[in-house]
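Notes for the structure review
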Amino acid sequence: MITPRFSCSQNILSVLVSVYCPAVRASEIEIHLDHTLLSLHVAPYFLRLNFPASLVEDDQSSAVYDPASGYLTLTLTKLNRGENFPDLDLLGKLLAPPAQSTPHRPTIEVLASRDDAAVPGTTERNEILQAAANDWTLPQTIPDTLPVLETSLYKPYGFLNAYTGYFRHVASTENDINELGADAEILSLSERRIRRLGHEDEKWDPEYYMADFADAEQIEELLAWTHPHLESAAPVIFTEAENAAMLRLPRKEYLASPRETRDIYLTLLTLLFAYAYDARTTQHDPTPESAWTIAALTPPSPLSTPLHEDEAPERWPTTETLIPSYRRALAFPLHRSWALAESCRADAARFLGRGARTVLRCLLELRAVLDAHPVYYVYARVWVDDFCRWIQACAREDTLVRLGRAVGRLSISKDSLGWDLVALEHTVQIAKEGQPDSDDEDLESERPAPL
């Protein structure tokens with residue numbers, strides 16, 4: 001079955017659904033409405049939408065098919081007049097199945113157990129009798145921690161660690177940013193982190209950084225630029241191309257633990273940082289190198305630390321999350337500037353502060369850049385596709401805003417990167433102060449020689 005293109009809007013009384021299903025017979029269209037669930041079927045199209053509130057079929061409801069344009073327009077009456085239906089523009093959220101009231105993870109309750117081989121006077125009974133005779137004192141030992149049981153040589157990666165196999169033949173491709181080499185499929189998270197740090201230290205060039213710090217004219221032009229998504233306060237209205245891209249996203253449900261959810265938000269921060277860097281350096285006009293830039297600036301091993309109970313976004317390890325992004329921004333791309341990295345962090349914070357729609361628009365643009373590359377498109381498959389789907393169906397608006405505020409207030413120390421940036425900048429400043437001005441040199445050359 002094919003999911004047709006569609007769009008939704010609303011007024012005080014109704015929700016309007018416009019579905020593009022050309023070259024079909026109106027008599028064969030089947031429509032079923034059950035409270036919040038709308039189903040539409042006409043070969044070869046099938047559409048099922050889950051609305052945030054209930055709808056009813058009454059005399060004001062209608063279905064009109066225009067064979068000339070190929071659009072079917074449904075008018076569905078709201079159960080409660082004047083009720084607002086949020087997120088009708090987030091098509092992926094409407095396509096998601098209804099939320100389940102049952103627990104996500106199976107639970108097992110043991111009602112009773114018995115060892116058939118046991119005889120009267122079991123070990124447990126003897127221990128209880130011994131404890132009663134010794135003031136209920138039992139010998140206790142700390143159990144050994146069992147190693148994680150691994151049934152496969154391959155280590156998962158990507159969104160929620162759900163992917164393997166994408167880099168098995170990476171050695172035979174022109175993937176210039178794969179710093180894990182042919183072992184990308186079998187390295188553990190700690191091993192990937194060690195490889196990442198070693199690769200960043202290898203690529204770090206103090207002289208390159210000093211040159212960009214000394215000649216900052218071009219950097220200042222990049223810092224003065226403002227992203228178009230941040231210039232206007234108008235609400236985000238998705239284009240036809242963006243709606244079509246959302247409909248092509250995978251249909252998935254995500255069962256993430258609180259810690260995994262926290263890590264998803266933090267990984268999203270690194271993606272937005274990389275997107276912000278490319279947008280600033282290209283003035284929001286991607287180049288053939290944009291896919292390389294975005295992929296290179298995104299750390300291959302996202303941070304994963306223990307999550308404390310009820311930990312607020314303001315207390316998440318955002319500094320530790322962004323340090324790898326800063327290191328890569330100063331080691332890999334064309335423009336290597338601390339001030340530029342700070343501006344990218346501020347852009348990412350403002351994207352988050354604008355909410356899910358602005359973040360989704362940035363992710364769709366990032367996805368389009370990666371999809372256009374013959375090699376780096378794999379990063380869109382293992383990361384960005386799921387993020388575009390997750391941001392619509394699972395992300396909380398208030399969490400995005402709070403995370404954006406926390407990132408905007410960050411103060412990252414230059415010493416935390418592990419490179420002596422302060423000393424390098426001081427060296428450049430001393431050299432500038434000791435170098436005579438060009439006009440002074442001209443005056444000195446024009447003075448007559450002493451007699």
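Provided above is the structure to which this section pertains.
The residue numbers shown here count from 1 along each chain, following its written sequence. Reporting in this predicted model follows two pLDDT cut-offs: at least 70 for local features of residues, and 80 or more for side-chain atom pairs to be given and counted; totals over whole chains, interfaces and linings ignore these cut-offs and use all residues. Note: side-chain values were computed over all heavy atoms of the structure, leaving out hydrogens and water.

**Observations concerning the packing of helix α8 (residues 258-282) against helix α9 (residues 290-297)**
- α9 packs onto α8 with a crossing angle of 145° between their chain directions and a minimal axis gap of 8 Å. Seen from above, α8 lies across α9 with right-handed handedness. Here Phe273, Ala274, Tyr277, Asp278 and Thr282 of α8 come into contact with α9, specifically with Ser290, Thr293, Ile294 and Leu297.
- Three classes are used: nonpolar for Ala, Val, Leu, Ile, Met, Phe, Trp, Tyr, Cys and Pro, charged for Asp, Glu, Lys and Arg, and polar for all others, with Gly counted as polar. The residue inventory of the contact of α8 with α9, partitioned by class, reads five nonpolar, three polar and one charged. Only the contacting stretch of a helix is used when fitting its axis, a line to C-alpha atoms as for every element, and angles between N-to-C directions run 0 to 180 degrees. We count a stretch as a helix when DSSP gives it H or I for four or more residues in a row; a strand needs E for two or more, and each element gets its number in order from the N terminus. In a left-handed crossing the near helix is turned counterclockwise from the far helix by less than a right angle, and in a right-handed crossing that turn is clockwise. Contacts: residue pairs with any heavy atoms within 4.5 Å of one another.

**Considering helix α3 (residues 189-203)**
- For α3, which comprises 15 residues, the first-to-last C-alpha distance of 21 Å matches the rise-based estimate of 21 Å (1.5 Å per residue) to within 8%.
- Burial classes follow relative accessibility: with a 1.4 Å probe on protein chains only, a residue under 20% of its type's maximum area counts as buried, one over 50% as exposed, and anything between as partly exposed. Every buried residue of α3 is accounted for by Arg192, Arg196, His199 and Glu200. The buried residues of α3 all sit within an arc of 100° when viewed along its axis, so they share a single face. Structural note: α3 exposes Ile194 and Glu202 on the side pointing more than 90 degrees away from its buried face. Here a helix's expected span is defined as the number of its residues, less one, multiplied by 1.5 Å. Regarding the arc, it is the one traced by the directions from the helix axis to the C-beta atoms.

**Remarks on empty space enclosed by the protein**
- The pocket and cavity definitions rest on a 1 Å grid over protein atoms only: a 1.4 Å probe that fits but cannot leave marks a cavity, an open set with protein on both sides within 12 Å along at least five of seven lines marks a pocket, and residues lining either have an atom within 4 Å of a point. Grid points are joined across faces, edges and corners, and a volume is the space filled by probe spheres set on the points. In the structure shown here, the tally under the stated rule is one cavity of 30 Å³ or more.
- Size it by volume and the largest cavity reaches roughly 350 Å³.
- Residue lining of the largest cavity: 22 residues in total, with Phe167, Pro299, Pro300, Tyr379 and Trp383 positioned closest to the centre.
- Listing elements by their share of the lining of the largest cavity, those giving two or more residues are α9, α12 (356-371) and α13 (377-393).
- The biggest single contributor to the lining of the largest cavity is α13, with four residues.
- The residue makeup of the lining of the largest cavity, split by class, is 16 nonpolar, three polar and three charged.

**A short note on helix α10 (residues 318-331)**
- For α10, built from 14 residues, the straight-helix expectation of 20 Å at 1.5 Å per residue is met to within 8% by its first-to-last C-alpha distance of 20 Å.
- Extensive coverage of α10 is indicated by the burial of twelve of its 14 residues.
- Residues of α10 that are buried include every one of Thr318, Thr321, Leu322, Ile323, Pro324, Ser325, Tyr326, Arg327, Arg328, Ala329, Leu330 and Ala331, and no others.

**Quick look at the sheet that holds strand β5 (residues 45-50)**
- When DSSP finds two or more bridges between two strands, those strands count as paired. Spatially, three strands are ordered β3-β4-β5 in an open sheet, and the strand pairing comes out antiparallel. Every interior strand has two partners, whereas the edge strands, β3 (30-34) and β5, have only one. Mean inter-strand twist for the sheet, computed between neighbouring axes without regard to direction, equals 5°.
- Across six bridges, strand β4 (residues 37-42) lies against β5 in antiparallel orientation. Bridge pairing in β5 places Ser39 opposite Arg48.

**Things to note about the nonpolar core**
- By nonpolar core is meant a set of buried Ala, Val, Leu, Ile, Met, Phe, Trp, Tyr and Cys residues that side-chain atoms within 4.5 Å join together. In terms of nonpolar packing, the biggest core is built from 83 residues, with Leu268, Phe387, Trp390 and Ile391 touching the most fellow members.
- Ranked by the residues each element gives to this core, the list is headed by α8, at twelve residues.
- Setting aside anything within four residues of it in sequence, one finds Trp390 in contact with Phe159, Tyr254, Ile264, Tyr265 and Ala395.
- Core analysis: the next-biggest nonpolar cluster, separate from the first, contains 28 residues, Cys21, Leu38, Leu55 and Tyr65 among them.

**Some thoughts on the pattern of salt bridges**
- Every case where a carboxyl oxygen of Asp or Glu lies within 4 Å of a side-chain nitrogen of Lys or Arg is listed as a salt bridge. A complete count under the given rule lists 22 salt bridges for this structure.
- Arg327 is the salt-bridge partner of Asp201, the closest N and O atoms lying 2.9 Å from each other. On the criterion of sequence distance, the pair formed by Asp201 in helix α3 and Arg327 in helix α10 is long-range, its members being 126 residues apart.
- Residue classification places Asp201 among the partly exposed positions, given a relative accessible area of 41%.
- The class for Arg327 is buried, based on a relative accessible area of 6%.
- In this structure, Asp386 and Lys252 form a salt bridge, with 3.1 Å as the shortest nitrogen-oxygen distance. In this pair, Asp386 is assigned in helix α13 and Lys252 in the loop between α7 (240-247) and α8, connecting sequence segments 134 residues apart.

**Section: a nonpolar patch on the surface**
- A patch is a set of surface residues, each over 30% in relative accessible area and not in a salt bridge, joined within 9 Å for like charges and within 5 Å for the nonpolar side chains Val, Leu, Ile, Met, Phe, Trp and Tyr. We get accessible surface area from the Shrake-Rupley algorithm with a probe of 1.4 Å; when it comes to residues, only the shown protein chains can shield them. A surface patch of nonpolar side chains, amounting to about 270 Å² of accessible area, comprises Leu153, Tyr154 and Ile186.
- When you line up the elements, Ile186 lands in the loop between α2 (123-133) and α3.

**Quick look at the pairing of strand β8 (residues 71-78)**
- The buried fraction of β8 is high, at six of eight residues.
- Strand direction decides the pairing type here: strand β2 (residues 14-20) and β8, joined by seven bridges, are antiparallel. If you follow Ser14 over to β8, its bridge partner there is Thr77.
- Judged from the two bridges that link them, strand β6 (residues 55-56) and β8 form a sheet pairing that is antiparallel. Across the sheet, the residue bridging to Val56 is Thr77, located in β8.
- Where strand β7 (residues 62-66) and β8 come together, five bridges link them in antiparallel fashion. Bridging from a neighbouring strand, Asp66 pairs with Tyr71 of β8.
- The antiparallel hairpin formed by β7 and β8 contains four residues in its connecting segment, where Gly70 sits at a positive phi of about 85°.

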